[in-house]
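Geometric and topological summary
Here is how the chains run, residue by residue.
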Amino acid sequence: MVYVMSEYENMRTADIVAEALLDWKVEVIFGLPGDGINGFMEALRRRQDRIKFILVRHEESAAFMACAYAKYTGKLGACLATSGPGAIHLLNGLYDAKADNIPVIAITGSTYSDLMNSSYQQDINLLNLFSDVSVYNSMISVPEQAEMAVDISCRTALAQRGVSHITIPIDIQEKKLNGNYTRHNVAYHTSSVYAAETIPSQSLLVKAAKILNEGSRIVLLVGQGALDSGEEIIALAEKLGAPVVKALLGKAVIPDDDPYNIGGLGLLGTEPSSDAMSEADTLLMVGTSFPYIDYLPKPGQARGIQIDIKAEKIGLRYPVEIGLVGDSKLVLSALLPLLNQNDNLEFLNSKQQAMKSWNSLLKEQSTRTDKPIKPQVIAKAVSDELEDNAIISTDSGTNTSWAARHIIIRKGMKFSVSGTLASMACGLPYAIAAQIAFPERQCVAFVGDGGLTMLMGEFATAVQYNLPIKIIVIKNNTLGMIRWEQMGFLGNPEFGVEFSPIDFARFAEDCGGKGYAINEPSEIKSKIHEAMKERKPTIVEAYVDPFEPPMPPKVEMEFVRNLAESFARGQPYAKRIGLTLFRNKVHEILKNIHTHSDADN
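Because the structure is predicted, anything quoted here is derived from the model rather than measured.

**Points about the state of the cysteines**
What the rule picks out here adds up to 0 disulfides. The thiol of cysteine 443 is unpaired, and the distance to the nearest cysteine sulfur, on cysteine 426, comes to 15 Å.

**Topic: the sheet that holds strand β16 (residues 414-416)**
Taken together, the 6 strands give an open sheet; going across it, the order is β16-β15-β17-β18-β20-β19, and neighbouring strands pair in parallel fashion. Only two strands of the sheet have a single neighbouring strand rather than two, namely β16 and β19 (514-518). Taken over all neighbouring pairs, the strand axes of this sheet differ in orientation by 15 degrees on average, direction set aside. Along the sheet, helix α3 (residues 59-73) contacts β15 (391-394) and β16; its crossing angle with β16, the most-contacted strand, is approximately 145 degrees. On top of the sheet, helix α20 (residues 504-511) reaches β18 (470-475), β19 and β20 (538-543); it is set at about 170 degrees to β19, its chief contact.

**Details of unusual backbone geometry**
Leaving glycine aside, a negative phi is the common case for residues, and trans is the common case for peptide bonds. In this model, lysine 371 is joined to proline 372 through a cis peptide bond whose omega is 0 degrees. Positionally, proline 372 belongs in the loop between α13 (346-365) and α14 (375-384). For arginine 161, which is not a glycine, the phi torsion comes out positive at approximately 50 degrees. Within the secondary structure, arginine 161 sits in the loop between α7 (146-160) and β7 (163-169). The backbone of asparagine 466 shows a phi angle near 55 degrees, a positive value even though the residue is not glycine.

**Thoughts on the sheet that holds strand β5 (residues 104-110)**
In a beta sheet, neighbouring strands are held together by backbone hydrogen bonds and run either parallel or antiparallel to one another. The strand order across the open sheet formed by 6 strands is β3-β2-β4-β5-β7-β6, and the pairing between neighbours is parallel. Looking at strand neighbours, the two that pair on one side only are β3 (52-55) and β6 (134-139), the edges of this open sheet. Here the average twist between neighbouring strands, direction ignored, is 20 degrees. In this structure, strand β2 (residues 28-32) lies alongside strand β4 (residues 77-81), joined through 3 bridges in parallel fashion. Counted as the bridge partner of phenylalanine 30 is cysteine 79 from β4. Along the sheet face, helix α2 (residues 38-46) touches β2, β3, β4 and β5 and points at about 130 degrees away from the line of β4.

**Describing helix α5 (residues 91-99)**
For an α-helix the count is 3.6 residues per turn, leaving residues at separations of three or four pointing the same way. Among the residues of α5, Leu91, Gly93, Leu94, Asp96 and Ala97 are the ones counted as buried. Two residues or fewer after α5 comes asparagine 101, characterised by a positive phi angle close to 60 degrees.

**So, the environment of phenylalanine 559**
Assignment of secondary structure puts phenylalanine 559 in helix α22 (residues 557-568). In this structure phenylalanine 559 comes out as buried when scored by relative accessible area, which is 10%. In sequence terms phenylalanine 559 and valine 382 are 177 residues apart; their C-alpha atoms lie 30 Å from each other. Contact partners of phenylalanine 559, with chain neighbours within four places excluded, come to Trp484, Gly488 and Met551.

**Let's talk about the pattern of salt bridges**
According to the stated counting rule, one finds 31 salt bridges in the structure shown. Between glutamate 42 and arginine 46 there is a salt bridge, with the nearest N and O atoms lying 3.0 Å from each other. Remark: arginine 46 and glutamate 42 occur in helix α2; sequence separation between them is 4 residues, near one turn of the helix. For glutamate 42, a relative accessible area of 23% corresponds to the partly exposed category. For glutamate 520, the salt bridge is made with lysine 371, and the minimal N-O distance between the two is 2.5 Å. Taken together, the residues span a long stretch of sequence, with glutamate 520 in the loop between β19 and α21 (524-532) and lysine 371 in the loop between α13 and α14 at a distance of 149 residues. Via salt bridges that share partners, Arg12, Asp15, Glu19, Glu42, Arg45, Arg46, Arg47, Arg50 and Glu174 belong to a single interconnected network.

**Some thoughts on the environment of leucine 129**
Within the secondary structure, leucine 129 is located in helix α6 (residues 126-129). For leucine 129, a relative accessible area of 29% puts it in the partly exposed group. Separated by 259 residues in sequence, leucine 129 and aspartate 388 place their C-alpha atoms 42 Å apart. When sequence neighbours within four positions are dropped, the list of residues in contact with leucine 129 reads Ile88, Leu91 and Ile124.

**A short note on the side chain of asparagine 101**
Relative to the helices and strands, asparagine 101 is located in the loop between α5 and β5. Residue class for asparagine 101 comes out buried when judged on its relative accessible area of 14%. With near-sequence residues (within four places) excluded, asparagine 101 lies in contact with Arg161, Lys310 and Lys313.

Quick notes on the rules
- Residues numbered from 1 in each chain as written.
- Predicted model: local features only at pLDDT ≥ 70, side-chain atom pairs only at ≥ 80, totals over all residues.
- Heavy atoms only, no water.
- Disulfide = S-S within 2.5 Å.
- Pairing = 2+ DSSP bridges.
- Helix = DSSP H or I, 4+ residues; strand = E, 2+ residues; numbered from the N terminus.
- Axes fitted to C-alpha atoms, helices over the stretch in contact; angles between N-to-C directions.
- Contact = heavy atoms within 4.5 Å.
- Buried < 20%, exposed > 50% of the residue type's maximum accessible area, 1.4 Å probe, protein only.
- Salt bridge = Lys/Arg side-chain N within 4 Å of Asp/Glu carboxyl O.

Listed below in structure tokens is the structure:
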């Protein structure tokens, strides 16, 4: 043994971990305490002037919040839980971070080190449990290991853009460092330094530019990795005469009203974006691993280039010729001077004209006065009330469709959702994390009643911390997306998708917040406007048509056949759904007639 003095001499393991997290600029930790983690909780109590602890009602929310905090700030997210069930509850939110490549550190307690693997209370093999979700996964067994473990976990989470997990046995949290380093360990050998800037070689950039300069129908597909590169994306689009298609996590890369934007892709996307992909001869993907490959150009149709910070993502979705590994802002800045100005704008102009028609259709859908209220109308009314720097979180379900298409993102706004995992229940925790990260900004969650009820106890968390978040609930007492998946994808009658109703407005008031209910079309604008001005946590429940379908941008015959099959096999609301579809089509036809009449005049 070699005895070496350390800055942490006589400090408890839990205190060393807390100090090391502060070195990594961790400012907020979301969690729920318990006897398995209380040693670390005491370390946080002693440092509450430097690191904020946010008490949640469910550990799943803590992990969602850590993920969202990292998404919205670009910093490392952090969460904690006690041993056993507390740690288990973290997993869904941590998988959200893993799936979307978000840096998060999770700290859990474990049972006493000399009782492990003895079926003691809450004795769970957490290293095994967290092995799949994490990029770094370690147990701290002695205080001399603590600083190194935290440094490695934070650096790895940031470098690999994933989840790091550290678990600390109850007794080890209390154990003091006394310099008992082994002979090959040296105090101070580790550091809280992370190098992030990466850029590919000039020769690769030149090759990529040559391919782009030879393209005539170029499409840019941008995602979350391009969120800090909006100006460069627009400059690229101008130079190449290329339309910009946005993956959902990249909705805020450029404004929705930018002339180069032709909307999202996939089931939640637009017709112009689908057409652009089917016609493209060159595809440039920036910061995205968009999962629905059937919406991309067919292999061999378009030449592909991909920019991504993670080398393993290159070529994952499309057979690219050139992969440029690095920070998108740096790579695009280096690529732009190598590009020629494309003066052939025929392809771009055709997609811009198609986008005008698409936006006219969306406007028609979002201004109807039907009762029950159309959910698109609620989304449009919310969009109209958003401030220029608003942060919008949405949930997973039909509400995602309405948000993707009808909430207009302007420059300066932020937007996110559980992207690749597509987990329900994320919207409310995301909004809470956003409001904690940016206390002065308007933070709105656009959610469905199914997702909200999973973790709606966190509304009380918003009240406890006086966070003036706004929760807009699309209330239809139905798992809407699952209903349409059962019918439209499989041709089955719906089953097991209806809920008994909850009075969300009253729930909000009982928690100490504000609650609004919208039942009439005439109430929409006034109540949403009033709710948005509240300085308390607020829920607005809007009862909407439960049979309004989240239609894909292009309706394939298979979808129609499956729908007909579900009707034939006993779909319980076949007449009502058929009537809704018929009325929607009539509205669309009448709108087209009206538009042509106006043009003729």
